[in-house]
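# Structure at a glance
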Amino acid sequence: LSKLNFRAFSELDAFLESSLPAISCFADTSALFAASYPFDNFSEASDSAFEALGAYNTQIFTNATVRAEFLENHRKVLIAESLIDLLEDLQGELTGALFEKLKSHRTSFRNKIEQNKSAKMEINQIRFFCDLLSQLESKYGNGWDLFCQHYLAPKLTPVWELVTDILNVNFISLREGKHPLIIAPVNWESAVLIMGNYGISSADAMILNLFLCSSIPLLLTADLKMAECALRESKGAKQIFIPDSLLR
Amino acid sequence: MKEIKVAKKGAVKKAHARYKEITRRVPVSPELRETLLQRPEKPEAKPPANKRSATSNRDREIEG
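Throughout this description, residue numbers start from 1 for each chain and increase along the sequence as written. For naming, the first written chain is A and the first written ligand is 1, with later ones following in the order written. Confidence filtering applies because this is a predicted model: local features only for residues at pLDDT of at least 70, side-chain atom pairs given and counted only at 80 or more, and all residues used for totals across whole chains, interfaces and linings. Water and hydrogen atoms play no part in the side-chain values, which are based on all heavy atoms of the structure.

Residue and element names in this part refer to chain A. Pairs of strands are assigned from DSSP output, requiring at least two bridges between the strands. Each helix corresponds to a stretch of at least 4 residues labelled H or I by DSSP, and each strand to a stretch of at least 2 residues labelled E; elements are numbered beginning at the N terminus. Across the sheet, which stays open at both edges, the 6 strands sit in the order 1-8-7-2-3-6 with parallel pairing between neighbours. Here the strands that pair on one side only, and so sit at the sheet edges, are strand 1 (7-8) and strand 6 (170-172). Sheet strands in contact with helix 3 (residues 43-55) are strand 2 (24-27), strand 3 (59-63) and strand 7 (218-220), and its direction is about 145 degrees off that of strand 7. Contacts are residue-level and defined by heavy atoms, with any inter-residue pair within 4.5 Å sufficient. Between N-to-C directions, angles span 0 to 180 degrees; the directions come from axes that are lines fitted to C-alpha atoms, helices contributing only their stretch in contact. Lying over the sheet, helix 4 (residues 64-89) contacts strand 2, strand 3 and strand 6, oriented at roughly 75 degrees with respect to strand 3.

With that settled, consider the packing of aromatic side chains. Geometry of an aromatic ring pair is reported as the spacing of the ring centres plus the angle between the planes. All names here are of chain A. A pair of Phe, Tyr and Trp rings is counted when the ring centres sit within 6.5 Å of each other, with Trp represented by its six-membered ring. The angle between the planes then sorts it: under 30 degrees is stacked, over 60 is edge-to-face, the rest tilted. One pass over the full model with this rule turns up 10 aromatic pairs over all chains. Between Phe26 and Phe211, the aromatic rings sit 6.0 Å apart at their centres with planes inclined by 45 degrees, giving tilted as the arrangement. In this pair, Phe26 sits in strand 2 while Phe211 sits in helix 10 (residues 202-212), placing the two residues 185 residues apart along the sequence. Relative accessibility under 20% of the residue-type maximum defines a buried residue, over 50% an exposed one, and the middle range a partly exposed one, all with a 1.4 Å probe and only protein chains included. Exposure remark for Phe26: the relative accessible area of 0% places this residue in the buried category.

This part covers the interface of chain B and chain A. Counting residues at the interface gives 36 residues for chain B, matched by 57 residues for chain A. When the two sides are added together, the surface that chain B and chain A hide from each other amounts to roughly 3,900 Å², 62% of it contributed by carbon and sulfur. Any carboxyl oxygen of Asp or Glu that lies within 4 Å of a side-chain nitrogen of Lys or Arg is treated as forming a salt bridge with it. Counting the contacts that link chain B with chain A gives 4 salt bridges. Among the salt bridges present, the one from Arg25 of chain B reaches Glu88 of chain A, with a minimum N-O distance of 3.4 Å. Pairing of N or O atoms within 3.5 Å defines a polar contact, subject to two protein rules: one partner must be a possible hydrogen donor and the other a possible acceptor, and residues neighboring in sequence count only if both atoms are side-chain atoms. At the surface where chain B touches chain A, the tally comes to 16 residue pairs in polar contact (both at pLDDT 80 or more). The element contributing the most residues to the side of chain B that touches chain A is helix 1 (residues 11-22) of chain B, with 10 residues. Residues are grouped as follows: Ala, Val, Leu, Ile, Met, Phe, Trp, Tyr, Cys and Pro are nonpolar; Asp, Glu, Lys and Arg are charged; all remaining types, including Gly, are polar. Counted by class, the side of chain B that touches chain A contains 15 nonpolar, 6 polar and 15 charged residues. A quick way to say it: buried area is the sum, across both parts, of accessible area lost when two parts are put together, with a 1.4 Å probe.

On to the nonpolar core, then. Residue and element names in this part refer to chain A. Grouped together as the largest cluster of nonpolar side chains are 92 residues, with contacts concentrated most on Phe147 and Leu220. Among the elements that make up this core, the one with the highest residue count is helix 4 (10 residues). With sequence-adjacent residues up to four places away left out, Leu220 is seen in contact with Phe9, Leu12, Cys25, Phe26, Ala27, Asp28, Ala31, Ala49, Phe50, Leu53 and Phe241. By nonpolar core is meant a set of buried Ala, Val, Leu, Ile, Met, Phe, Trp, Tyr and Cys residues that side-chain atoms within 4.5 Å join together.

This part covers the side chain of His105 of chain A. Along the polypeptide, His105 of chain A turns up in helix 5 (residues 96-114). Setting aside residues up to four positions removed in sequence, His105 of chain A forms contacts with Ala80, Leu83, Ile84, Met121 and Phe129 of chain A.

Think of it this way: side chains of opposite charge can pair up when their charged atoms draw near. Within the structure shown, the criterion is met by 11 salt bridges over all chains. For Glu88 of chain A, the salt bridge identified is with Arg106 of chain A, shortest N-O distance 3.2 Å. With Glu88 of chain A in helix 4 and Arg106 of chain A in helix 5, the pair connects residues that are 18 residues apart, well separated along the chain. The partly exposed category is assigned to Glu88 of chain A, whose relative accessible area is 26%. One network of salt bridges, in which partners are shared, links Glu88, Asp89, Arg106 and Arg110 of chain A together with Arg25 of chain B.

In structure tokens:
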């Protein structure tokens, strides 16, 4: 599939100008994560894309599946960062396996940031620290639960507000009856077919299915696989915008 | 019908600044500190073993 069929974020401004009056746009998890997480590889690219959307008063939409994935991504970076905070708070007091594992995690996290790799922590690593900290118990509870309640919960709970209150993204909910932008039935069969045809996750297939069932003409994504599937499935009927760096 | 919001310029910079604010480092809580820094209790002293160790046997052989 030629990358020429995609559109770059840098073309968004000209595209929106030629599409006046304003059109709507769907933002997937990768686009919203980059717009909310300052250390994401595509954070600068998302800034330029949202500037263009803002200049033309574009209505941005998303859905519940994006919200779930967005929170999951933030969980993975916030746990990674919180474990480093824990190490630095207890530096000089911690000893043994927990101390060594936290130091190793900090080195690995810093290397990933330096090499512009994703800061998201792997699930098996999260489980490893969950098991390790859960073994430590006191009258207050187990170490993992206390760690999460102290470091993670206060940071994770307000993070979705960045999307709704600052980025001004609108939510398409199918629970509240028919949404005016949904023009075809959103059903499981179509989502499973997308999943089967491209081997993508159920969450990505559900997001893409909703976008395809809508009248929204434009998708903003920083996920190349998602962009490829959207381009194939929409058969040229929709415009798929990705960061310029993914086109090179 | 909910009011439909529109994108605003400067939103990503504002979101990134707010992210840094909400994820600002907080010092560890006393409860978590106590839980993680607890030391295992010392095991009770074991009664002396009846069986001699290999070392003590060897020592006896040297002495003897």
